[in-house]
Amino acid sequence: MQAETTENRRRMKEFLWNQMPLIALIVLCIIATILSPRFLSPININNVLMQGAVITVIAIGMTYVIVCGGFDLSVGSVVALSGCITAMVMLEYGIVPGIVAGVAVGAAVGLLNGLIVTKLDVNPFIATLGTMVMFRGATFLITGGRPIVGDEGLPFLFLDFATERLFGIPYLVLFPIAVFVVFHWLLHRTAYGIRIFATGGNTEAAFLAGINVVKVRTSAYVWCGTLAGVGGVMLASRLQSGQPTAGIFYELTAIAAVVLGGASLFGGEGKLYKTVVGVFIMVVLANALNLANVHSYWQQVAVGIVIVVAAAADRLRHR
């Protein structure tokens, strides 16, 4: 009987620990509601969902890279570059070529990051820090530091993506749901996903098991870059322009969201739905601080604290 009680306690403790991100989000929402009744207003809920939409898509790609044993600091720069390329090509050739160009730029940067990390054996931090600076500078060079809007603005059909609704839900919110379904299936229900986890958990063991770890790690970076490119296209639609200053700190927010969701910075561990929970922990925190009229400088301090706490919790979990 005592052994059974001990086992039940262990299972309950394990369950609570596994669901800690969701519990934290619920508690944060309750606190935000107490601080400001406006938090649960339809306008504010819509604002939270819109703010989380782009970061969700980027964080999904970041989950692949972190689970595979790396991380990507360049996604914020990719968001800006892809958004500006999308706007520039769209003004010249139309909506579809513009979207394709923006996503292709993200995929190309992801491929470059993957090859630098795997073929040149450069530390992911150094590799993606370099491409982050490089592509942010490239964005300013090709735009002259000015937003890409055009004389008559971007096509209305493209802008409608951020404003129109289906059953009362903005397309900008519905799209990440579709992205989540596809990439959740790919990561958690396919042999490819098993290879991602195996490579991140133990690269040498994965190699000895016959997994092409170079190909798998490179593909994770390609997915991350591609989804950052998709995020850039989404943000360009929401901002109604290509903004060279867009995406600043998005890489830190995405990494923090993935770690808050329980993914390990050591690789080999993580769940995509928890990443989404992590995203909304970050978004709800920022929104609650805004509603409480907390200065933006203090908001940055709070986000920094959350990142440190998330990293410390990951370390303690492994201990």
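Quick look at the structure, then. What you see is a predicted model; the values in this text were computed from it and never measured.

### Structural notes on the packing of aromatic side chains
Enumeration according to the criterion identifies four aromatic pairs in this entry. A ring pair is formed by Phe 183 and Trp 223, whose centres lie 5.0 Å apart and whose planes are at 85 degrees; its orientation type is edge-to-face. In this pair, Phe 183 sits in helix 8 (residues 171–188) while Trp 223 sits in helix 11 (residues 213–239), placing the two residues 40 residues apart along the sequence. A residue is classified by how much of its surface remains accessible, and Phe 183, at 9% relative accessible area, is buried. In this structure an aromatic cluster arises from ring pairing among Tyr 64, Phe 183 and Trp 223.

### With respect to helix 12 (residues 250–260)
Where burial is concerned, most of helix 12 is hidden: nine out of the 11 residues are buried. If you check which residues of helix 12 are buried, you get Glu 251, Thr 253, Ala 254, Ile 255, Ala 256, Ala 257, Val 258, Val 259 and Leu 260.

### Quick word on the environment of Val 109
Along the polypeptide, Val 109 turns up in helix 5 (residues 95–118). C-alpha of Val 109 to C-alpha of Ser 74: the two residues are 35 residues apart in sequence and 8.6 Å apart in space. Apart from the residues within four sequence positions on either side, Val 109 is in contact with Ser 74, Val 78 and Phe 135.

### Concerning the packing of helix 3 (residues 42–67) against helix 8
Close contact between helix 3 and helix 8 brings their axes to 9 Å; oriented N to C, the two are set at 20 degrees. Comparing the axis directions of helix 3 and helix 8 gives the class roughly parallel. Pair helix 3 / helix 8 crosses with left-handed handedness. Residues Leu 49, Met 50, Ala 53, Thr 56, Val 57, Ile 60, Thr 63 and Tyr 64 of helix 3 touch helix 8, and the partners they reach there are Leu 172, Val 173, Pro 176, Val 179, Phe 180, Phe 183, Leu 186 and Leu 187. Of the residues in the contact of helix 3 with helix 8, the class split is 14 nonpolar, two polar and no charged.

### Looking at the nonpolar core
Proteins that are soluble and globular tend to have nonpolar side chains buried together. Core analysis: the biggest nonpolar cluster contains 79 residues, and Met 62, Tyr 64, Phe 183, Ile 196, Met 234 and Val 279 have the highest contact counts within it. Top element by residues in this core is helix 3. It accounts for 14 residues. Counting nine residues, the second largest nonpolar core, distinct from the first, contains Met 90, Leu 154, Phe 158 and Val 233.

### Quick notes on helix 6 (residues 124–143)
Under the 1.5 Å per step criterion, the end-to-end length of helix 6 is 28 Å for 20 residues, consistent within 8% with the ideal 28 Å. When helix 6 is considered as a whole, its buried residues turn out to be Pro 124, Ala 127, Thr 128, Thr 131, Phe 135, Arg 136, Thr 139 and Thr 143. Each buried residue of helix 6 sits inside an arc of 155 degrees when the element is viewed along its axis, so together they form one side. Looking at helix 6, the residues exposed on the side facing more than 90 degrees away from the buried face are Val 133 and Leu 141. Looking at the buried positions of helix 6, the neighbouring elements they touch are helix 4 (75–93), helix 5 and helix 11. Measuring from the side-chain oxygen of the N-cap residue of helix 6 to the backbone nitrogen of Phe 125 gives 2.8 Å; that N-cap residue is Asn 123.

The rules behind each value
Residues numbered from 1 in each chain as written. Predicted model: local features only at pLDDT ≥ 70, side-chain atom pairs only at ≥ 80, totals over all residues. Heavy atoms only, no water. Phe/Tyr/Trp six-rings, centres within 6.5 Å; stacked < 30°, edge-to-face > 60°. Helix = DSSP H or I, 4+ residues; strand = E, 2+ residues; numbered from the N terminus. Buried < 20%, exposed > 50% of the residue type's maximum accessible area, 1.4 Å probe, protein only. Contact = heavy atoms within 4.5 Å. Axes fitted to C-alpha atoms, helices over the stretch in contact; angles between N-to-C directions. Parallel < 35°, antiparallel > 145°, perpendicular 65-115°, else oblique. Left-handed = near helix turned anticlockwise from the far one by under 90°. Nonpolar A, V, L, I, M, F, W, Y, C, P; charged D, E, K, R; others polar. Core = buried A, V, L, I, M, F, W, Y, C linked by side-chain atoms within 4.5 Å. Expected span 1.5 Å × (residues − 1). Arc of directions from axis to C-beta. Polar contact = N/O pair within 3.5 Å; in protein donor to acceptor, adjacent residues only side chain to side chain.

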